[in-house]
Structures are given as C-alpha cells and as structure tokens.
Amino acid sequence: MTAADAPSGRGLRRLERRAKQPKREQRPNRDQRPEHEQPPNREQRSERERRSKRGRRVDRAGRLGARDVLRVGAAGLRSRPLRVVLSALGIAIGIAAMIGVVGISTSSRAQLQATLDRLGTNLLTVTPGRDFFGSNAQLPFTAPGMIARMPDVESAAATGKLSDTHVYRNDHMDPNETGGISVMAADLRLPGTIGLTLRSGSWLNAATGRYPAVVLGSAAADRLGVAGAGGQVWLGGRWFTVVGVLAPNALAPELDSSALVGWDAAVSRLGFDGHATTVYTRTAKKSVERVRDLLAATANPESPNEIEVSRPSDALAAEHAANQTFTALLLGLGGVALLVGGVGVANTMVISVLERRAEIGLRRALGATRGQIRLQFLTESQLLAALGGLGGVALGALVTFGFAVAQGWPTVVPPWAMAGGLAATLLIGAVAGLYPALRAARLPPTEALTSP
C-alpha cells in the first residue's frame, strides 16, 4: 500500500472507534421467533377435525328432530284419551259450524247460478201500475202485440187474471174456500217465453185453447188434490179437463198457484175482458237494459208512467243477498264456538303441565333444555287443535252434503274454507298452548322433582 492509499489521521480514528464497539447480534427471522405459532402439520389438522366432528355429533344428539318432537307430543296426548277427545270436540264443533255455513251458502249460490243459467236473466215483466188518481191502471189491448214487435224482443206472451173466477176440486165445495188459487187466461207462447216445464201432461194448443181445458200450476194441483193430467176441476161454474200440471218455476212463482186456461176459452166461456195483466218479455241478452227503458212507452204510449217493468232474476238475486246476512250471523256463532274450543285446549294444557311436573323435572335433570320442554308442550297443543280441526272439517262437509242432497242442490264445499278452518285451528292451538308451554319451560328441575 503506497503512501497515497493510507488513510488520513481522521479516518484512522474512525476505524478505531468502530473496532472498539461491540458487534450487534443478528435479529432472528420472524418465523424463527419462539412466540410465533407454527402452522399445524397434517396430523394436527386431522386431530382437530376429529374433535370438531365429535362435538357436532354431540350437538346433534342433544337436539330433537321433527319425528322425535311429534312422538313425544303424541305420547302426552295418548296418556289422556278422554280429555283429548272432549277438548278436540270443542274445536271440531266450531270448525264444523263454519264449514257447514260456508258450504251450504256456496251450494245455495251454485243452485241459484244454475237456475239463472237455465232460465236466463233476460226475462222482463210488464205489469200495470197506478194512474194519476191512485187507481189501478190497465194495459191496452195492443200492449202484447206492440211489445212482441220490438226489434230486440225475442218473444212475448201475456196472461190475464180473472178476478171473479175461482176453481174448486168439485162442485160441492164451499165457494169461499178458494185455496188462494188464481184463474188466468194464458197465451199459447207462454212456456217458450218463460221456460216453463210440465210435471205431467201437455200444454195448451190451438185446439184445447178454445175449449174447457186447464193447466194447473204445481202448488194449485197439490191444493186441489190433482196428481196429474186427466182429471176434472170445477172452474167458473163448469167442468174443465186438466190437460197438464206445471213444474215449479223460479222466475214466475205466481204461476205455481194458478189455473191457466186458453185465451179464447177465457173470453168466450168465462167472460174475460181481454186486458192482459202481465206481459212476459224475453229479450236479447245484450239489449236487456235498452229494451227495459223502452218497454213502458211501447206498452202504453199515452201513459208510460202507468206501466211497471221489472226483471224477475233481480228478485232472486236480492233474496240470495238477504240470505247472506244470516250466513254472516251463523259464521259469527261458529267463531264463538271455535273460541270456546280454544279456551278448552288452553285449560287442558295447563292441567297437563300441573299433572306432569315430575316428568318435566326428570327430563330437565336428564339434560332436556327449556326450549325442548317448551317445544314439547307446544306440539301437544298443536296436535290437539289439529285433531279437532280435521274432525270439524269432515263433520262440516258431511253436514253440507246432507243438506244439499235434501234440498236437491249441488254440493259445494270451497277448498279455501277447509284450508282456512285448519289454519284457524293451528293458530288457536299455538295461542292456547303458548302460556302452558312457557310455564312448563320455566319450571326448575329441583322444584319439579320434589313436587307431589
């Protein structure tokens, strides 16, 4: 080393100080620190997984499956069968009342709809009203013909009431015992216009309409004791031959208690004045309202205010709407019965908790949790309510079927009513069993085991 490469005095002193300082220890790597947790190897990971699986199996073993819950709940009900039946009966009566009311109402509505579909809602009736002075008005002689010629009228037929003429079973009857039977002159087109059907015999024709022949309504035939066509009745002071008996008709119930004779025979043999008292009008379905607005002016152009126009199907619908009020009342009574049944379920479950305190304490001592005890008693109340609900649905459907068959109606039980009835029972069962379940769950094991 030459003199030029030798360090200066200052550089030597720096080197000497650096040589005198102690050497720093090398900092260990982060992964080599003793406190750092090393990642587990394969054997350690396998051991941890085995422990985790054993813990999960223990947890699952402590839980109650759906089948176990149903089995435990059903066991509590089977131990007291008579009490269960009596409690479920209250629920069943309430549900049966509601299902029966809804089913009968729906069956009645179905029968009404079938009747309207068969007879139609396009039948209008024209009757005389009252004049300006309050007296009974009359339809003009030309009213039936004028109405029949209207563009949207498919057919029209008239009847005329003979107020002073009566019909009897024979000529020995008391004249005052008329039986409420009216005598009417009838147009030959009446069955086709209204939709009349005959229970026996045949309708009047061009020949019998001029002779002493009569067709009786269903109620009139029953009152006169006439079973069918072929007999004779005393009408207007002479014998008339019964050629037919009508079946009941919903759109023209006034004909059921009437004796119908031909128009010509009524004029020539019974002194009929020829004024129609009712004109039955069958219109096109799409033009019912328009024809209804024009009928009064067509029947009596001079005094349309003296004419009354009505639609018989509206009366049937109004009658059914009135029945709906009673349906709502009966539904309310069914709801009260269902509420009483729910109180019975709650009472049964409270008594069950008091009687089974030792069982509850034993189950708690063996490891059952409060949630499991609560679930057990809730399940019992649900099963009890469901038992009553199923019985009530079956009973209600049976009542509906029996009543509908007796009335000749179609049997209709709405599915929503059955589903709603079952849902209502489950809801009532949950509410009724909530307090007993909470009370059973809060019961300390030591107190339960020591209770008598």
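Here the structure is a predicted model, which means the values were calculated and not measured.

Peer 1: Mind showing me how you'd approach the overall build of the protein chain here?
Peer 2: Tallying secondary structure elements over the protein chain gives 14 helices and 11 strands in all. With 452 residues in all, the protein chain has 38% of them scored as buried. Looking at the protein chain as shown, the accessible area adds up to about 26,000 Å², and 57% of this sits on carbon and sulfur atoms.

Peer 1: Can you help me understand empty space enclosed by the protein in this one?
Peer 2: Where empty space is left can be seen by rolling a probe of water-molecule size over the atoms. Summed over all chains, the structure comprises 1 cavity of 30 Å³ or more. Of the voids in this model, the largest cavity is the one considered here, and its volume is about 60 Å³. Forming the boundary of the largest cavity are Gly76, Leu77, Arg80, Arg83, Val84, Thr348, Met349, Ser352, Arg356 and Glu380. Broken down by secondary-structure element, the contributors of at least two residues to the lining of the largest cavity are α3 (66–78), α4 (81–119) and α10 (312–355). Looking at the lining of the largest cavity, the element that brings in the most residues is α10, giving 3 residues.

Peer 1: Whenever I open this one, the packing of α3 against helix α12 (residues 370–407) confuses me. Can you help?
Peer 2: Helix-helix packing: each pair is described by the crossing angle between the helix axes and the interaxial distance. Packing of α3 against α12 brings their axes to within 8 Å, and their N-to-C directions diverge by 65°. It follows that α3 is roughly perpendicular to α12 by the angle criterion. Between α3 and α12 lies a crossing whose hand is right-handed. Of the residues in α12, those in contact with Val69, Leu70, Val72, Gly73, Ala74, Gly76 and Leu77 of α3 are Leu375, Gln376, Thr379, Glu380, Leu383 and Leu384.

Peer 1: Before we go on, may I ask you to explain helix α13 (residues 415–441) in this structure?
Peer 2: In an α-helix, one full turn covers 3.6 residues, which means residues spaced three or four apart are oriented alike. If you check α13, its first and last C-alpha atoms are 38 Å apart, about what 27 residues at 1.5 Å a residue would give, namely 39 Å. Leu434 marks where α13 bends most, by close to 40°; the proline Pro436 follows one to four residues later. Every buried residue belonging to α13 is among Ala417, Gly421, Thr425, Gly429, Ala432, Gly433, Pro436, Ala437, Ala440 and Ala441, and all of these are buried.

Peer 1: Looking at this structure, I do not really get the layout of surface pockets. What am I missing?
Peer 2: Roughly 290 Å³ of volume is contained in the largest pocket. What lines the largest pocket is a set of 18 residues, and nearest its centre among them are Gln138, Lys161, Ser163, Asp273 and Thr277. Class assignment of the residues belonging to the lining of the largest pocket gives a composition of 7 nonpolar, 8 polar and 3 charged.

Peer 1: Honestly, a nonpolar patch on the surface in this entry has me stumped. Any pointers?
Peer 2: Together, Leu395, Leu398, Val399, Phe401 and Val405 give the surface a local cluster of nonpolar side chains, amounting to about 470 Å² of exposed area. Checked against the element boundaries, Leu398 lands in helix α12. Judged by its relative accessible area of 56%, Leu398 is exposed.

Peer 1: I'm lost on the environment of Leu235 in this one. Help?
Peer 2: With respect to the helices and strands, Leu235 occurs in strand β7 (residues 232–235). We classify Leu235 as buried; its relative accessible area is 0%. Once residues lying within four places of it in the same chain are set aside, the contact partners of Leu235 are Thr165, His166, Val167, Val183, Val214, Phe240, Ala259, Val261 and Leu270.

Peer 1: Sorry if this is basic, but what is going on with a positive patch on the surface here?
Peer 2: Together, Arg370, Arg374, Arg439 and Arg442 make up a region of like positive charge exposed at the surface. Assignment of secondary structure puts Arg442 in the loop between α13 and α14 (445–450).

Peer 1: How should I be thinking about the packing of helix α11 (residues 357–365) against α12 in this particular structure?
Peer 2: It is the contact of α11 with α12, at a shortest axis distance of 10 Å, that shows an interaxial angle of 145°. Along this stretch, α11 crosses α12, giving a crossing that reads as right-handed. Residues Glu359, Ile360, Arg363 and Arg364 of α11 form the contact with α12, whose own contacting residues are Arg370, Ile373, Gln376 and Phe377. Residues belonging to the contact of α11 with α12 are distributed by class as follows: 3 nonpolar, 1 polar and 4 charged.

Peer 1: Can you help me understand helix α8 (residues 263–270) in this one?
Peer 2: Restricting attention to buried positions, one finds in α8 the residues Ala265, Ala266 and Leu270. Along the long axis of α8, the arc covered by the buried residues comes to 100°, so they all point the same way. Looking at the packing, one finds that the buried side of α8 touches β4 (182–186), β7, β8 (238–246) and β9 (258–262). Looking at the residues trailing α8, positive phi occurs at Gly271, about 75°.

Peer 1: How do you make sense of the pattern of salt bridges when you look at a structure like this?
Peer 2: Where side chains of opposite charge bring their charged atoms close, a pairing between them can arise. Evaluated as defined, the whole model comprises 6 salt bridges. For the salt bridge of Arg189 with Asp187, the shortest nitrogen-to-oxygen distance reads 2.9 Å. By relative accessible area, Arg189 is classed as partly exposed at 46%. Residues Glu359 and Arg356 are paired through a salt bridge, measuring 3.0 Å at the closest nitrogen-oxygen approach. Here the residues in one salt-bridge network are Arg356, Glu359 and Glu380, joined through shared partners.

Peer 1: For this particular structure, what's the right way to read the nonpolar core?
Peer 2: A general tendency of soluble globular proteins is for nonpolar side chains to be buried together. Ranked by internal contacts, the top residues of the largest apolar core, which has 23 residues, are Ile95, Val345, Ile360, Ile373, Phe377, Leu384 and Ala440. Of all the secondary structure elements, the ones that give two or more residues to this core are α4, α10, α12 and α13. At 6 residues, the largest contribution of residues to this core is made by α4. Contacts of Ile373, omitting those with residues within four sequence positions, involve Ile360, Arg363, Arg364, Ala368, Ala440 and Ala441. With 21 residues, the next largest nonpolar core counts Ala185, Leu224, Val226 and Phe240 among its residues.

Peer 1: What should I look at first to understand the environment of Arg223 in this one?
Peer 2: Of note, Arg223 is situated in helix α7 (residues 218–224). Between the C-alpha atoms of Arg223 and Thr178, which are 45 residues apart in sequence, the distance is 9.7 Å. With sequence-adjacent residues up to four places away left out, Arg223 is seen in contact with Gly179, Gly180, Ile181 and Ser257. Side-chain polar atoms of Arg223 contact the backbone oxygen of Gly179, separated by 3.0 Å.

Peer 1: How should the pairing of strand β2 (residues 153–161) be read in this particular structure?
Peer 2: Within a regular beta strand, the side chains point alternately toward one face of the sheet and then the other, so they alternate between its two faces. Looking at chain direction, β2 and strand β10 (residues 278–283) are connected through 6 bridges and run antiparallel. Bridging across to β10, Ala157 finds its partner in Tyr280. Bridging between β2 and β4 involves 3 bridges; their strand directions are antiparallel. Of the residues in β4, the one forming a bridge with Thr159 is Ala186.

Parameters at a glance
Residues numbered from 1 in each chain as written. Predicted model: local features only at pLDDT ≥ 70, side-chain atom pairs only at ≥ 80, totals over all residues. Heavy atoms only, no water. Helix = DSSP H or I, 4+ residues; strand = E, 2+ residues; numbered from the N terminus. Buried < 20%, exposed > 50% of the residue type's maximum accessible area, 1.4 Å probe, protein only. Areas by Shrake-Rupley, 256 points an atom, 1.4 Å probe, with all protein chains shown as cover. 1 Å grid on protein atoms, 1.4 Å probe; cavity = no way out; pocket = protein on both sides within 12 Å on 5 of 7 lines; lining within 4 Å. Points joined across faces, edges and corners; volume = space filled by probe spheres on them. Axes fitted to C-alpha atoms, helices over the stretch in contact; angles between N-to-C directions. Parallel < 35°, antiparallel > 145°, perpendicular 65-115°, else oblique. Left-handed = near helix turned anticlockwise from the far one by under 90°. Contact = heavy atoms within 4.5 Å. Expected span 1.5 Å × (residues − 1). Bend = angle between axes of the 7 residues up to and from the residue. Nonpolar A, V, L, I, M, F, W, Y, C, P; charged D, E, K, R; others polar. Patch = residues over 30% accessible without salt bridge, like charges linked within 9 Å, V, L, I, M, F, W, Y side chains within 5 Å. Salt bridge = Lys/Arg side-chain N within 4 Å of Asp/Glu carboxyl O. Lys, Arg positive; Asp, Glu negative; His and termini not counted. Charge placed at Lys NZ, Arg CZ, Asp CG, Glu CD. Arc of directions from axis to C-beta. Core = buried A, V, L, I, M, F, W, Y, C linked by side-chain atoms within 4.5 Å. Polar contact = N/O pair within 3.5 Å; in protein donor to acceptor, adjacent residues only side chain to side chain. Pairing = 2+ DSSP bridges.

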